[in-house]
Structure formats: structure tokens, C-alpha cells
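Observations on the three-dimensional arrangement
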Amino acid sequence: PTNVGILAMDIYFPPTCVTQEALEGHDGVSKGKYTIGLGQDCMAFCSEVEDVISMSLTVVASLLEKFNVDPKQIGRLEVGSETVIDKSKSIKTFLMQVFEASGNTDIEGVDSTNACYGGTAALFNCVNWVESCSWDGRYGLVVCTDSAVYAEGPARPTGGAAAIAILVGPDAPIVLESKLRGSHMAHAYDFYKPNLASEYPVVDGKLSQTCYLMALDSCYQIFCKKFEKLEGRPFSISDSDYFVFHSPYNKLVQKSFGRLYFNDFMRNPSFVDEAARESLAPYASLSSDESYQSRDLEKANQQAARHVYNAKVQPSTLIPKQVGNMYTASLYAAFASLLHNKNTSLVGNRVVMFSYGSGLTATMFSFHLQEGQHPFNLSNIVTVMNVSDKLKQRLEIPPEKFVETLKIMEQRYGGKDFVTSKDCSYLPPGTFYLTNVDSMYRRHYAKK
Ligand code: ACO
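Notes on the structure follow. Remember, it's a predicted structure, so these values are computed and weren't measured experimentally.

Rules used throughout
Residue numbers here run from 1 along each chain, matching the order of that chain's written sequence. Predicted model: local features are reported for residues with pLDDT of at least 70 only, side-chain atom pairs are reported and counted for 80 or more only, and whole-chain, interface and lining totals are derived from all residues. Only heavy atoms go into the side-chain values, all of them from the structure, while hydrogens and water stay out. Only Phe, Tyr and Trp rings take part, Trp by its six-membered ring, and two of them pair if their centres are within 6.5 Å. Stacked means planes under 30 degrees apart, edge-to-face means over 60, and tilted covers everything else. The way it works is that DSSP assigns letters per residue, a run of H or I at least four long becomes a helix, a run of E at least two long becomes a strand, and they are numbered from the N terminus. Burial classes follow relative accessibility: with a 1.4 Å probe on protein chains only, a residue under 20% of its type's maximum area counts as buried, one over 50% as exposed, and anything between as partly exposed. Think of it as a cone above the ring: NZ of Lys or CZ of Arg counts as a charge over the ring if it is within 6 Å of the ring centre and within 35 degrees of the ring normal. Contacts between residues were defined by any pair of non-hydrogen atoms, one from each residue, lying within 4.5 Å. Two strands pair if DSSP finds at least two bridges between them. To get an axis, a line is fitted to the C-alpha atoms, and for a helix only the part in contact is used. The angle between two axes follows their N-to-C directions and goes from 0 to 180 degrees. Whether a residue is near a molecule or strand is decided by its heavy atoms; if any one of them lies within 4 Å of it, the residue is near. We define a polar contact as two N or O atoms separated by no more than 3.5 Å, with the added condition that, inside protein, one atom must be a possible hydrogen donor and the other a possible acceptor, whereas residues neighbouring each other in sequence contribute only through side-chain atom pairs. Note on areas: Shrake-Rupley, 1.4 Å probe, and residue coverage restricted to the protein chains presented here.

Under the counting rule described, the total for this entry stands at 18 aromatic pairs. Plain terms: the ring middles of Y150 and F191 are 6.3 Å apart, the flat faces sit at 75 degrees to each other, and that makes the pair edge-to-face. In this pair, Y150 sits in the loop between β6 (139-148) and β7 (160-169) while F191 sits in strand β9 (residues 191-192), placing the two residues 41 residues apart along the sequence. Note on accessibility: Y150 and F191 belong to one class, buried. Aromatic side chains Y220 and F235 sit 6.1 Å apart centroid to centroid with 80 degrees between the ring planes, which places their arrangement in the edge-to-face category. Placement of Y220 in helix α6 (residues 205-231) and of F235 in the loop between α6 and β11 (242-245) is noted, with a sequence separation of 15 residues between them. Members of the aromatic cluster, each reached through a chain of ring pairs, are F124, F335, F365 and F367. Sitting over the ring of F124, R181 keeps its end group 3.8 Å from the ring centre. The ring of Y309 carries the charged tip of R306 above its face, separated from the ring centre by 5.6 Å.

This part covers the side chain of N301. Among the structural elements, N301 can be located in helix α10 (residues 295-312). Of the residues examined, N301 reaches a relative accessible area of 3% and is grouped as buried. The residues touching N301, leaving out its near neighbours within four places in the chain, are G258, R259, F262 and L280.

As summarised here, the arrangement of the nine strands in space is β5-β4-β6-β7-β1-β8-β13-β12-β11, forming an open sheet in which the pairing is mixed. Since the sheet does not close on itself, it has two edges, and those belong to β5 (111-112) and β11, each with one partner. Where β11 lies against strand β12 (residues 350-357), four bridges are found, and the strand directions are parallel. The residue of β12 that forms the bridge with V244 is M353. Sheet contacts for helix α3 (residues 52-66): β1 (5-12), β4 (74-80), β6 and β7; angle to β7, the most-contacted strand, approximately 40 degrees. Contacting β1, β4, β5, β6, β7, β8 (174-185), β12 and β13 (361-369), helix α5 (residues 118-131) crosses the sheet at an angle of about 160 degrees to β4.

Near the ligand you find 27 residues, and of these S30, P154, S208, K251 and K255 are the closest. Separating a nitrogen atom of the ligand from a backbone N or O atom of K31 is a distance of 2.9 Å. K33 is positioned with one of its side-chain polar atoms (N or O) 2.8 Å from an oxygen atom of the ligand. Summarising the interface, the protein chains cover 80% of the accessible area of the ligand, which totals 1000 Å² for the free molecule. Secondary-structure elements contributing two or more residues to the shell around the ligand are α2 (33-37), α6, α7 (250-267) and α10. Considering every element that reaches the shell around the ligand, the biggest residue donor is α6, with four residues.

Here it is, written out as C-alpha cells:
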């Protein structure tokens, strides 16, 4: 098989959301801290009737239906998630409910977990399977599903929730450039979930930013080396039309692209424009440790890269700014935003992707985009995802109600013997929702 990659995509995020501006007021922080400081507009969250299983059921059923894919045609199903509902039973097995009805139980794959990286691991597994000798001609299906919630405090506004389904196969409109890949993996305690009695992570916010930027540098350097070996000339930012980042909050994406720009400047000053050469020159002698600590450098990078950021990064920031950190789904929601904003103008373009999962695992890789063939083409993917309407049809919840919902979820976490609210009027038709958890901890879902 050739041109293996993404054939189709769909995204689901809960309609329930809280605006960052309202949250600033509620939390009593200075005005602009979440909207400008973090760069976020709005945050989606699961109400008590939704969770990572219901969201993934919703998005998988929707993708199969809208792209007219027979459930029997799926031969591998891989889930990326870091939201633990069960330590043994994978989310993938819950999704088998969608396939059992058609008689298809011959589906390989389970869940991949490492913070926000699981979706990328799942994608690589599916692509590798299609490219391998055990491929049986059917499609791979990747699901990224997470609900990001934090304890009260500065990390809480960086939550979010979503599920994404990605159909993988040959002759795709979005081709993975398998030879171009740089990874950086190491041991770090930046963000982790050691307390199995709580859904909330333990997070060292500042360290997690530094780990992210160090991993970005390392991946970029390896990516550049591989490109040079393959193409016989150095890579620079000008060799890719777009850059898409894992997006915990938009400010970090701005800093990250600034950092890539600084990398290019340090690799060869002629890669950046003259004004940038001048403004970045004072930082050229910093050690790499110093360079992560320097706030002046961070600001100078963002400033110098601003015009390129607006062209090559900004179009991918829509959903992450509106929905928040979706953990494993975050990078792919950013990519979905790019598709939504640029549609068929992406034909012939290269898109560089940066995936980061705390702990830590990171990979930079790239896509080459082609027209594709109906139903698996760029414009149909954009139509099916219908991002504008999904964003428009959301329900703004006051912060008090959001906090109350999180309290209910804290009490229910790991619990049994409860029935959820009967009111699902705000869920769009076709949405799966949790009805009850019985005395054996078995979870039951229904479709609206
Ligand atoms: N107006 C404008 N900007 C403001 C205002 C204001 N009123 N108040 C603060 N700011 C700015 C700050 O200057 C800072 O900007 P800078 O980074 O450009 O200097 C920014 O807002 C953040 O404020 P801080 O005080 O530095 O940080 P805070 O204590 O709010 O914590 C953090 C932010 C660390 C991101 C926290 O939300 C967190 O821990 N989040 C979870 C961890 C995370 O997402 N890490 C990313 C990688 S790991 C992952 O994906 C989970």
C-alpha cells in the first residue's frame, strides 16, 4: 500500500462550556489572565452524563455513518487516552459495541496511554499496521478521547474535553511522511496521575512548560537531520506550510513556534529575516539552560516570529482556544482547525505536527496533503466535521454551575450504584450518554 495516512476524521466535544472571561471573574484573578495570559477563549467540559467512553462512542458512530463506512471494514481499532475509568478494561472494548452489531469482532488493537501522547502512538500503530505484512486490506481506526480536569487553582482553566476519530488507510488525502520523524523520550515528573482515587493530575506547571520546549527543540533537531539526509539540503521553517502543536493552552503554542524560529536562527541566521537577526542576536550566546529560563528571549522569539506565526500556525488554533486542552485529542483538534480554515487550499502542502505527552514522550512528524477521492477528500472531511455549527450550538454554563459539576464528578469518581440526570436536552441527536453505573460498577450508555 502507498500513501498511507488519514482518510477521514470526525470530532466531538461536549456542548457544555464555560467562557474564560467568566471564569476569570469567578476565580477572582486579574482580568486577562486566562484570555490573554493563557490565550484561551472558552473551555468545554463533560456534564455528569458524558465521559470519555460516551464521547468516543459518539464520534466513532458518527464517523462510520457520515463517511458511509461499513463497520465490517474496520480491521484495527486503537484508542489513545489518559483518562482512567478502568485500570484493566480498555476503552476500545466499550467501542466494540458499535461493531458487534454488524458481526465484526475481528478487530485488533487496544488502548495506548502516556499523557497527551496516546493518540499519536495509536496513529503510528495503525499506519504501521497498514504498511505491514499482517495488513488484511481493511481500515485502521484511531480514537483520541479525553476529559481534562484539574483541581482548583491556576491549572483549572487549562482543562477541556473532546473525542476525535481518525480513519487510516492507503491512498489517503493526508499522507504521513513516514521517513520524517523525530522523537524525544525521557523520564520526568512534570505532569502525572499517581493518585488513583482522583481524576486530577499532579502538575508542576513551570517544569511542564520547560519539558515541553526542551522536547520540542530535541525533536526539531532530529527532524531537521532526517530531512537533510533524505533531501540533501537543510530544513527550515520555510519548508513547511503549517506547523501544528499539541495545545495545552494557546500561549504555549505561541512560545513554541517562537522557539522553533529561534532554532532556525541559531542553525543559520539566514533562515530568519533581517529584523529578527538583529533582535535575536543578543541571545545567541546563551547556554541552552539559560535559554529556557530567559523571559526576555521568550518575548523576543514570539515578537520575531509573529508574522510567520500568523500565517503558519494561527489557522490551527481555533478549536484548542475554544475547547481547551483535550489531551490526546488536542493535536488532532488543532489539525482539524487547520482543515476547517484552509480546506482544499491545503492540497500540495506539508504540515509539521508536534505531539507531546508529559512524563515524557514527544514526536515531530509531518503530513503531505492531497486532494483525495470522495468521500475521503479534504472538502468532505471539512463538511462532515462541521466545526462552525458545533461551536455555535454550544451552551454557555455559568462558572458556578461548572464548579458544581466538577464537585459531583469528584464524588462519583470510582463510584457505583448511581443514576445520572434525566435531562439530556442540550445534547445533539446521536450523542451517547451515561445513564447509570450499577452495583457491579458496570457502566450503561444510551444514544439520544
Ligand atoms: N493579563 C495578561 N496576562 C496575564 C495576566 C493578565 N491579567 N496575568 C497573568 N498573565 C500572564 C503571565 O504573564 C504569564 O504569561 P507568560 O507566560 O507569557 O509570561 C501567563 O499569564 C501565565 O501566568 P503565570 O502566573 O505564569 O502562570 P499560572 O500560575 O497562571 O499557571 C500554567 C499557568 C503553569 C500553565 C498552569 O495553568 C498549569 O499548570 N497548567 C497545566 C499544565 C500544562 O498545561 N502544561 C503544559 C504542558 S503539559 C500538558 O499538556 C498537560
